[in-house]
Amino acid sequence: MPSFDIVSEIDKDELQNAVDNANRELATRFDFRGITASIELSGDDTIVLKCDSDFQVRQLEEIAAKNCNKRGINSGFAEVDETAVHSGKSFSLNMKFKQGLEQATAKLIVKLIKEADLKVKANIQGEKVRVEGKKRDDLQGVMALLRDEKKVEQDLQYTNRRD
């Protein structure tokens, strides 16, 4: 019976590449010459932005978001601090990417699949949702449904496909 898993994960290597590309862009920007500014990866899913002023930290956020989007990581789903933390001479801001499906989001996905009246079964298994169906076309219909859905506020990936 064909099946696949719905997960929400960030590719750590791509996130590291996005941070490296953002730092290269930062080194060439004229408006950041002579200013202490950095974009660093903290842990597996958090980007720390540090700069001399609040306005420039927001510019760093745009640089990091643009480079994440180029590398296939949707920065629209990152949790960004509302206000920059001021400590000493620098301001810092955290961009935290959501990893794993929360229980409420998983229930919403299962509900959306059931409401769509597709001939598939959806089960919550920890931080992922397993979808099973008799035909591969039904599974592709579920993928299309979730790509177009605006209620799910996380970036979803489809893994572990089996025929």
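Residues numbered from 1 in each chain as written. Predicted model: local features only at pLDDT ≥ 70, side-chain atom pairs only at ≥ 80, totals over all residues. Heavy atoms only, no water.

**Q** Kindly report on the nonpolar core, identifying the contributing residues and their values.
**A** Counting 23 residues, the largest nonpolar core has I39, I47, L49, L60 and F97 as the members making the most contacts within it. Taken together, the elements giving at least two residues each to this core come down to α1 (12-28), β3 (46-51), α2 (54-70) and β6 (90-97). With residues near it in sequence (within four places) discarded, L60 still touches L26, F32, A37, S38, I39, L49, K50 and C51. With 19 residues, the next largest nonpolar core counts L101, L112, L139 and M143 among its residues. (Core = buried A, V, L, I, M, F, W, Y, C linked by side-chain atoms within 4.5 Å. Buried < 20%, exposed > 50% of the residue type's maximum accessible area, 1.4 Å probe, protein only. Helix = DSSP H or I, 4+ residues; strand = E, 2+ residues; numbered from the N terminus. Contact = heavy atoms within 4.5 Å.)

**Q** Could you give an account of the pattern of salt bridges, with specific residues and numbers?
**A** Applying the stated criterion across every chain, the model contains 9 salt bridges. Between R71 and E14 there is a salt bridge, and its shortest N-O distance comes to 2.8 Å. Taken together, the positions of R71 in the loop between α2 and β4 (78-80) and E14 in helix α1 put the pair 57 residues apart, joining distant regions of the chain. In this structure, R58 engages E61 in a salt bridge whose closest nitrogen and oxygen atoms are separated by 3.0 Å. One end of the pair, R58, and the other, E61, are both in helix α2, 3 residues apart, so they sit about a helical turn from each other. The class for R58 is partly exposed, based on a relative accessible area of 26%. The structure contains a network of salt bridges with shared partners spanning E25, R29, D31 and K66. (Salt bridge = Lys/Arg side-chain N within 4 Å of Asp/Glu carboxyl O.)

Keep in mind these numbers describe shape, not what the thing actually does.
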